[in-house]
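Okay, here's what each chain looks like letter by letter:
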Amino acid sequence: MLTLAFYKGSGRFDDRVIRWVTRSAFSHVELLEHPPSWRGDGAWLGQSWSSSGRDGGVRGKEIVFKRDRWEFLAVPWTPADALDTLCAELGKPYDFVGLIGSQLFNLRRHRAGRWFCSELCAHALGLDTPQEFSPGGLYRRVGEMNRVYQLGMAHAGEPPED
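The paragraphs below set out a description of the structure included in this document. (Residues numbered from 1 in each chain as written. Predicted model: local features only at pLDDT ≥ 70, side-chain atom pairs only at ≥ 80, totals over all residues. Heavy atoms only, no water.)

### Some words on the overall build of the chain
Inference 1: Tallying secondary structure elements over the chain gives five helices and six strands in all.
Inference 2: Moving toward the C terminus, one meets the helices and strands of the chain in the order β-α-β-β-β-β-β-α-α-α-α.
Inference 3: Taken over C-alpha atoms, the radius of gyration comes to 15 Å for the chain, in line with the 15 Å a tight globule of 162 residues would show.
Inference 4: A total of 162 residues make up the chain; the buried ones form 44% of that total.
Inference 5: Restricting to contacts in the chain with at least 6 residues of sequence separation, those with at least 24 account for 56%. (Helix = DSSP H or I, 4+ residues; strand = E, 2+ residues; numbered from the N terminus. Rg over C-alpha atoms; globule rule 2.2 N^0.38 Å. Buried < 20%, exposed > 50% of the residue type's maximum accessible area, 1.4 Å probe, protein only. Contact = heavy atoms within 4.5 Å.)

### Section: the environment of Phe 6
Inference 1: Mapped onto the fold, Phe 6 is located in strand β1 (residues 2-7).
Inference 2: Along the sequence, Phe 6 and Arg 23 sit 17 residues apart, while their C-alpha atoms lie 14 Å from each other.
Inference 3: Apart from residues lying up to four places away in sequence, Phe 6 is in contact with Phe 26, His 28, Val 29, Arg 69, Trp 70, Glu 71, Leu 73, Pro 135, Leu 138 and Tyr 139.

### Remarks on the side chain of Asn 146
Inference 1: Among the structural elements, Asn 146 can be located in helix α5 (residues 135-155).
Inference 2: At 2.8 Å, the side chain of Asn 146 forms a polar contact with the backbone oxygen of Ala 74.
Inference 3: Residues in contact with Asn 146, not counting those within four places in the same chain, are Leu 73, Ala 74, Val 75, Pro 76 and Trp 77. (Polar contact = N/O pair within 3.5 Å; in protein donor to acceptor, adjacent residues only side chain to side chain.)

### Points about the packing of aromatic side chains
For any two aromatic rings, the description comes down to two numbers: the centre-to-centre distance and the angle of the planes.
Inference 1: Under the criterion given, the structure shown has eight aromatic pairs.
Inference 2: A ring pair is formed by Phe 6 and Tyr 139, whose centres lie 5.1 Å apart and whose planes are at 90 degrees; its orientation type is edge-to-face. With Phe 6 in strand β1 and Tyr 139 in helix α5, the pair connects residues that are 133 residues apart, well separated along the chain.
Inference 3: Judged by its relative accessible area of 24%, Tyr 139 falls in the partly exposed class.
Inference 4: Their ring planes at 75 degrees and their centres at 5.5 Å tell us that Phe 65 and Phe 72 sit as a pair that is edge-to-face.
Inference 5: What makes Phe 65 buried here is its relative accessible area of 0%. (Phe/Tyr/Trp six-rings, centres within 6.5 Å; stacked < 30°, edge-to-face > 60°.)

### Overview of the nonpolar core
Inference 1: Among the nonpolar cores identified, the biggest contains 25 residues, and Leu 4, Leu 31, Leu 138 and Val 142 are the most heavily contacted of them.
Inference 2: For this core, the secondary structure elements donating two or more residues are β1, β2 (28-32), β6 (70-75), α2 (82-87), α4 (117-124) and α5.
Inference 3: Per-element accounting of this core gives the leading share, five residues, to α4.
Inference 4: Apart from residues no more than four positions distant in its own chain, Val 142 is found in contact with Leu 4, Leu 73, Val 75, Trp 77 and Leu 125.
Inference 5: Among the nonpolar cores identified, the runner-up in size contains six residues, and Ala 5, Ile 63, Phe 65 and Trp 70 belong to it. (Core = buried A, V, L, I, M, F, W, Y, C linked by side-chain atoms within 4.5 Å.)

### Let's talk about the environment of Leu 90
Inference 1: With respect to the secondary-structure elements, Leu 90 resides in the loop between α2 and α3 (96-104).
Inference 2: Distance in space between the C-alpha atoms of Leu 90 and Gly 57 is 8.0 Å, their sequence separation being 33 residues.
Inference 3: Setting aside anything within four residues of it in sequence, one finds Leu 90 in contact with Trp 49, Val 58, Arg 59 and Gly 60.

### A closer look at the pairing of strand β4 (residues 43-52)
Inference 1: Burial analysis of β4 places seven of its ten residues in the buried class, which makes it a mostly covered element.
Inference 2: By the bridge criterion, two bridges tie β2 to β4 in an arrangement that is antiparallel. Note on β4: the bridge partner recorded for Leu 32 is Ser 48.
Inference 3: Strand direction decides the pairing type here: strand β3 (residues 37-38) and β4, joined by two bridges, are antiparallel. Bridging across to β4, Trp 38 finds its partner in Trp 44.
Inference 4: Between the antiparallel neighbours β3 and β4 lie four residues, among them Gly 40 with a positive phi of about 95 degrees.
Inference 5: Two elements, β4 and strand β5 (residues 57-66), share ten bridges in a ladder whose sense is antiparallel. Within β5, the residue paired with Trp 44 across the bridge is Phe 65. (Pairing = 2+ DSSP bridges.)

As far as function goes, none of this settles anything; it's purely spatial.
Right, dumping it as structure tokens:
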């Protein structure tokens, strides 16, 4: 099972613009193979993957997640190959044009070989038209899918996953 980490800190100017344009509390998303581990100083530490303009594109890195700046969402229905799908894109450039085109101008087109954070995470999770997702949109869709998954598990008599 993977976990998504959504950035909600005040951040830089570009974080505020993304939140304003997408009408969301979130400006960035990371994908974690395991939930982050508690460091004991009010922060969590985790290995994560995403596409970041600050880091030049698709990458994996260890991040210190400050509790008041991030919100975590487990994905119990994670496709088995999700992390492999994401890692196949490592080193690809960040898609600034795609981000602006799909989120600001509603063009919703994917630019081959380039990714922005929520598009990449949606792609790894196997969601259709991943370029349509902002971080906030991905948070809402995964939350909806988690509820459906839990209802299906309850209907099947399976214990719900944490």
